[in-house]
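# Residue-level structural notes
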Amino acid sequence: MRILIVGGGGREHALAWKCAASERVRDVIVAPGNAGTASEARVRNAAVAAEDSAALVALARTERVDLTIIGPEAPLVAGIVDAFAAAGLKCFGPRAAAARLEGSKAFSKQFLQRHRIPTAAHATFTRASFDARYVMGHRTPIVVKASGLAAGKGVIIAASAPEALAAVESMFAGEFGAAGCEVVIEEFLAGEEVSFIVMADGQHALPLATSQDHKRRDDGDRGPNTGGMGAYSPAPLVTPALHARIMREVIEPALAGLAAEGMPYTGFLYAGLMIAADGAPQVLEFNCRLGDPDTQPLLMLLQSDLPNLCAAALDGRLHEVEVQWDPRVALGVVMAAAGYPGTVTSGDAIEGLDAAARLPGKVFHGATRVDAARGRVVTSGGRVLCAVGMGDSVRAAQSQAYALTRAIHWSGAQYRHDIGHRAALRENIEAR
Ligand code: AMP
């Protein structure tokens, strides 16, 4: 079969690499892809933007694509799965109605409340309905969120009421464009965050791995928030009992609620959870797709055939399949360009990719492109690469991942040196 992956980051490189490893797959097309997908065996790029639904439907038709998997959220929220379905093409991902779980935090919070799924207390406001007394009447810190898609940047944890009011004002003033026309203000939750990712077929959920990521740019969880500087899987915090509780209290009621409201959910569903000190899970957010960089370690651990799993989901047969996992830990370190998450320079030549390819582990490309004139792979954005190591422990996976990062160089490359520090600490305590 032929597969089309929509997107061009590290998550899509990992999806393409995993699909190309399937015995059933003849080849994989990535639109638009990056330098990593361009050099992967049985994978090629097509110069079509991930947001151009009509051109992607046309590409899938002319290339006789059997299955399309959508990587990023923007095309899902814009209705790409509906466009593929209308054209009679198989496409794995939620339809626009269900993708609102990510596309509108206001919708998502109301949905959670309607179905009694645990989440922080909240209120939603427009400029016209905003009442500053809501902020004044609540304890700080308090969390202010732009309701729409803001590339992970529309969340402000305000330490004081004036800070919260300033955040609300800047959102209404257009800091995040239309995403900030509605603002969600919610209670601050303390605890430890985990990601819980499932595949869904409209009715059944197949839990994939758990993971934890690092959102802050600098070591020690300091510095500005980013799209994610590294991740590891599985998350040791999620014991079998907590796993069962998350399925029972979050995932199952969410899928049942979506189906009951006439928008059954098919696709990857990513629940960002806060686990309180007493072990209670609360939903911070839903994403309607896999995370980046969580996907890269997660797919390194998946031993089952991914296109088979997607096909089973599209047929509503997920309850009949079993997933095999590598029992080790996988850990990914994001290598970013200088200046990230602010403005970055592009076009810097990346050295050492061949040397890294001879080491154990795997380097997935994010923001890279081939500079044909110079015959080089160069940077083309903020999160450039994700180096994934594997091991029997978090420490062993860390050492494999960091050996990869040390082999690679470009001007101004930056990465954290402590990805997995919490899990490694837990390992040390348990070993004592
Ligand atoms: P979100 O996009 O809603 O997941 O928010 C991004 C990040 O902000 C999360 O990964 C958390 O680290 C933090 N965050 C969001 N909501 C809350 C909350 N209610 N309490 C504490 N931290 C939060």
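Scope of this entry: the structure provided in the associated data block. Values in this document were obtained by computation on a predicted structure and should not be read as measured data. (Residues numbered from 1 in each chain as written. Predicted model: local features only at pLDDT ≥ 70, side-chain atom pairs only at ≥ 80, totals over all residues. Heavy atoms only, no water.)

### Here's the deal with the pattern of salt bridges
- Inspection of every chain in the model, using the stated rule, returns 26 salt bridges.
- Between Glu-73 and Arg-289 there is a salt bridge, and its shortest N-O distance comes to 3.2 Å. Remark: Arg-289 occurs in the loop between strand E16 (281–287) and helix H11 (295–301) and Glu-73 occurs in helix H4 (residues 73–78); sequence separation between them is 216 residues. Neither Glu-73 nor Arg-289 differs from the other in exposure class; each is buried.
- Taken together, the shared-partner salt bridges connect Arg-2, Asp-27, Arg-44 and Glu-63 into one network. (Salt bridge = Lys/Arg side-chain N within 4 Å of Asp/Glu carboxyl O. Helix = DSSP H or I, 4+ residues; strand = E, 2+ residues; numbered from the N terminus. Buried < 20%, exposed > 50% of the residue type's maximum accessible area, 1.4 Å probe, protein only.)

### Quick word on the environment of Glu-261
- Relative to the helices and strands, Glu-261 is located in the loop between helix H10 (240–260) and strand E15 (266–275).
- With a relative accessible area of 31%, Glu-261 lands in the partly exposed category.
- C-alpha of Glu-261 to C-alpha of Phe-111: the two residues are 150 residues apart in sequence and 9.8 Å apart in space.
- Contacts of Glu-261, omitting those with residues within four sequence positions, involve Phe-111, Arg-114 and His-115.
- Within polar-contact distance, the side chain of Glu-261 engages the side chain of His-115 at 2.6 Å. (Contact = heavy atoms within 4.5 Å. Polar contact = N/O pair within 3.5 Å; in protein donor to acceptor, adjacent residues only side chain to side chain.)

### Looking at the nonpolar core
- Of all hydrophobic cores here, the largest spans 50 residues; its most connected members are Leu-4, Phe-84, Ile-246, Ile-251, Tyr-265, Leu-273 and Phe-286.
- For Phe-286, the residues in contact, after removing those within four places along its chain, are Leu-101, Glu-102, Ser-108, Leu-112, Val-250, Ala-254, Leu-269, Tyr-270 and Ala-271.
- By size, the runner-up hydrophobic cluster in this structure holds 40 residues, among which are Val-43, Leu-208, Leu-301 and Val-388. (Core = buried A, V, L, I, M, F, W, Y, C linked by side-chain atoms within 4.5 Å.)

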